[in-house]
Amino acid sequence: MSLSPLYAISPVDGRYRKTTQELATYFSEAALIEYRVYVEIEYFIALCEIPLPQLQNFPKEKFDDLRKIYERFHEDDAQRIKDIESITNHDVKAVEYFIKEKFDALGLAEHKEFIHFGLTSQDINNTSIPHSFKLAIEKSYLPALHDLVEQLKKLAEDWKHIPLLAHTHGQPASPTRLGKEILVFVERLESQLALFNHIPFSAKFGGATGNFNAHHIAYPQIDWKVFGNEFVNKRLKLSRSQYTTQIEHYDNFAAHCDALKRINNILIDLDRDMWTYISMNYFKQKIKAGEVGSSAMPHKVNPIDFENSEGNLGLANALFEHLAAKLPISRLQRDLTDSTVLRNIGVPVAHTLIAIKSTQKGLGKLLLNEDAIRQDLEDNWPVVAEAIQTILRREAYPNPYEALKELTRTNSKVNANIISEFVETLDVSDEVKKEIRQISPSTYTGI
């Protein structure tokens, strides 16, 4: 039975399949098999290009045929490798045997013992997985996040002149502008992206315990360290770790996870702020014909997109946290605990992608409720007390903070008239009184 989204165990491949299906290119079982084939083929070609003595007569015109093995990789090829694995009980060895079959078909049987020559399975896993992760980040994650940042920039521009009552500790505070509050998130995301982009996509390539033992014993005259660096850094476009055990030490991958988690925390903060602004009636939401906002209350349009995003970001961060904490730890030269964990790297990326697209959808449904925003400012004239007492400080007025505290920190309503009456009692010049009278919650928004 072919897998249906209706029967998927994880919502990543079920309910959210349309959102996450692009990630199957990088993180599915078939994708992992394909990237292993890619690394094995390119490694063999690199050996021919040294050349090893036994490969110096390999027909170079066959390189294109070899590359077609991964360039034209098909679901049937992946299934053939799985069939071989059912016998070998070893996934990477199954890839080696599959390529040997291809060599037989191409009339290259005499060269096939140099497939996977001197390598351990982790030389393949710890290059193919970082390669697929790098591609997923570059082709899927970063474009989605950049789209979100651009959407925020546009909203910041659209709303740059909208005065907004700020809230610190949940209480009315010095007013701000809505566009500037959106730019807070733009700056935070761009700063963390800059840090993220400095982290190398590290890979391990060096034989059974990282020392090129088998390579060196067979061909001691070859500088295998230089070969490994050239192969990983230039051909695979990764960054080869110089001193490893059997596996990559995953420290830079942990740094990627930590950076992704920080970015997700910023998105959670954004989601919660948008949710709160909706609850305060600062935003209404666009209504789509036929949609139900609440199953019980017809008047409601719930902020489900921001809630969906927050939930998925929480799941993603839990997994990123585990990946970052677990993967850099391995007993002595190798244990197998990283293997099953590493197979799940696509899952938090998928939850993050779902979240980013949900946030984008939520932002796209926002309708600015300027009347509610304006009324909230008008209902909170005490927030101009900071402005008045600061001007009075400038004028060396005695105890200005205390005077404004006595005026505003009461249970009675403070409005424009009460502020105006207070200004008339001040022993300051008419010019200063005029300056103060021009202050209102809508104009006291800083720069």
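Bear in mind that the values here come from a model prediction, so they are computed numbers and not experimental data. (Residues numbered from 1 in each chain as written. Predicted model: local features only at pLDDT ≥ 70, side-chain atom pairs only at ≥ 80, totals over all residues. Heavy atoms only, no water.)

Asks: Hey, could you go over the overall build of the protein chain for me, with residue numbers and the actual values?
Replies: Across its full length, the protein chain holds 19 helices and 6 strands. Relative to a compact globule of 447 residues, whose C-alpha radius of gyration would be 22 Å, the protein chain shows 31 Å and is clearly more extended. Reported as C-alpha extents along the three principal axes, the dimensions of the protein chain are approximately 100 × 55 × 40 Å. Buried positions account for 48% of the 447 residues belonging to the protein chain. For the protein chain, restricting intrachain contacts to residue pairs at least 6 apart in sequence, the fraction spanning at least 24 positions comes to 76%. A total of about 23000 Å² of accessible surface is found on the protein chain, and carbon and sulfur atoms cover 51% of it. (Helix = DSSP H or I, 4+ residues; strand = E, 2+ residues; numbered from the N terminus. Rg over C-alpha atoms; globule rule 2.2 N^0.38 Å. Buried < 20%, exposed > 50% of the residue type's maximum accessible area, 1.4 Å probe, protein only. Contact = heavy atoms within 4.5 Å. Areas by Shrake-Rupley, 256 points an atom, 1.4 Å probe, with all protein chains shown as cover.)

Asks: Residues and numbers for the side chain of Asn 312, please.
Replies: Mapped onto the secondary structure, Asn 312 falls in helix H12 (residues 304-326). Not counting residues within four places of it along the chain, the set of residues in contact with Asn 312 comprises Tyr 16, His 351, Ile 354 and Ala 355.

Asks: Talk me through the pattern of salt bridges; I want residue IDs and the actual numbers.
Replies: Here the structure, examined in full by the defined rule, presents 35 salt bridges. The partner of Glu 85 in a salt bridge is Lys 82, and the shortest N-O contact between them spans 3.0 Å. Note that Glu 85 and Lys 82 are positioned in helix H5 (residues 75-88) at a spacing of 3 residues, about one turn of the helix. The class of Lys 82 is partly exposed, set by a relative accessible area of 29%. For Arg 394, the salt bridge is made with Glu 435, and the minimal N-O distance between the two is 2.8 Å. Taken together, the residues Arg 394 in helix H16 (residues 385-394) and Glu 435 in helix H19 (residues 430-437) connect sequence positions 41 residues apart. Residues participating in the shared-partner salt-bridge network are Glu 29, Arg 36, Lys 82, Glu 85, Asp 91 and Arg 343. (Salt bridge = Lys/Arg side-chain N within 4 Å of Asp/Glu carboxyl O.)

Asks: Residue-level account of the environment of Ile 84, with values.
Replies: Along the polypeptide, Ile 84 turns up in helix H5. Given a relative accessible area of 6%, Ile 84 falls into the buried group. Along the primary structure Ile 84 and Tyr 97 are separated by 13 residues, whereas in three dimensions their C-alpha atoms are 7.6 Å apart. Not counting chain neighbours up to four residues away, the residues in contact with Ile 84 comprise Ala 94, Tyr 97, Phe 98 and Glu 101.

Asks: Please give an account of the packing of aromatic side chains that cites residues and values.
Replies: Each aromatic ring pair is described using two quantities: the centre-to-centre distance and the angle formed by the ring planes. Counted by the stated rule, this structure contains 21 aromatic pairs. Taking the centre distance of 6.5 Å and the plane angle of 70° together, the rings of Tyr 26 and Phe 27 count as edge-to-face. Accessibility classification places Tyr 26 together with Phe 27 in one group, the buried group. Note on Trp 224 and Phe 227: the rings are 5.3 Å apart at their centroids and 75° apart in plane angle, and the pair reads as edge-to-face. With Trp 224 and Phe 227 both in helix H10 (residues 224-235) and 3 residues apart, the pair spans about one turn of that helix. Members of the aromatic cluster, joined through ring pairs, are Tyr 43, Phe 114, Phe 117, Phe 205, Tyr 219, Trp 224, Phe 227 and Phe 231. (Phe/Tyr/Trp six-rings, centres within 6.5 Å; stacked < 30°, edge-to-face > 60°.)

Asks: Tell me about the packing of H16 against helix H17 (residues 400-408), and please be specific about residues and values.
Replies: Two elements in contact, H16 and H17, have axes whose closest approach is 8 Å; the angle formed by their N-to-C orientations is 155°. Taken together, the axes of H16 and H17 are roughly antiparallel relative to one another. The way H16 lies across H17 gives a crossing that is right-handed. Taken together, the residues of H17 that come into contact with H16 (itself represented by Ala 385, Ile 388, Gln 389, Leu 392 and Arg 393) are Pro 400, Tyr 401, Leu 404 and Thr 408. Among the residues forming the contact of H16 with H17, the class breakdown is 6 nonpolar, 2 polar and 1 charged. (Axes fitted to C-alpha atoms, helices over the stretch in contact; angles between N-to-C directions. Parallel < 35°, antiparallel > 145°, perpendicular 65-115°, else oblique. Left-handed = near helix turned anticlockwise from the far one by under 90°. Nonpolar A, V, L, I, M, F, W, Y, C, P; charged D, E, K, R; others polar.)

Asks: Would you mind going over the nonpolar core in detail, with residue names and values included?
Replies: Within the largest apolar cluster, 137 residues are counted, with the highest numbers of intra-cluster contacts made by Val 37, Phe 44, Leu 66, Phe 133, Leu 152 and Met 274. Broken down by element, the residue count for this core peaks at 15 residues, all from helix H7 (residues 121-158). Other than its neighbours up to four places away in sequence, Leu 66 contacts Ile 41, Phe 44, Ile 45, Phe 58, Phe 103, Leu 106 and Leu 108. (Core = buried A, V, L, I, M, F, W, Y, C linked by side-chain atoms within 4.5 Å.)

Asks: With reference to specific residues and values, describe the environment of Leu 238.
Replies: Counting through the fold element by element, Leu 238 comes out in the loop between H10 and strand S4 (239-240). Along the primary structure Leu 238 and Arg 374 are separated by 136 residues, whereas in three dimensions their C-alpha atoms are 54 Å apart. Every residue in contact with Leu 238, bar those within four places of it in the chain, is listed here: Thr 127, Pro 130, His 131, Lys 134, Phe 201, Ala 203, Val 232 and Asn 233.

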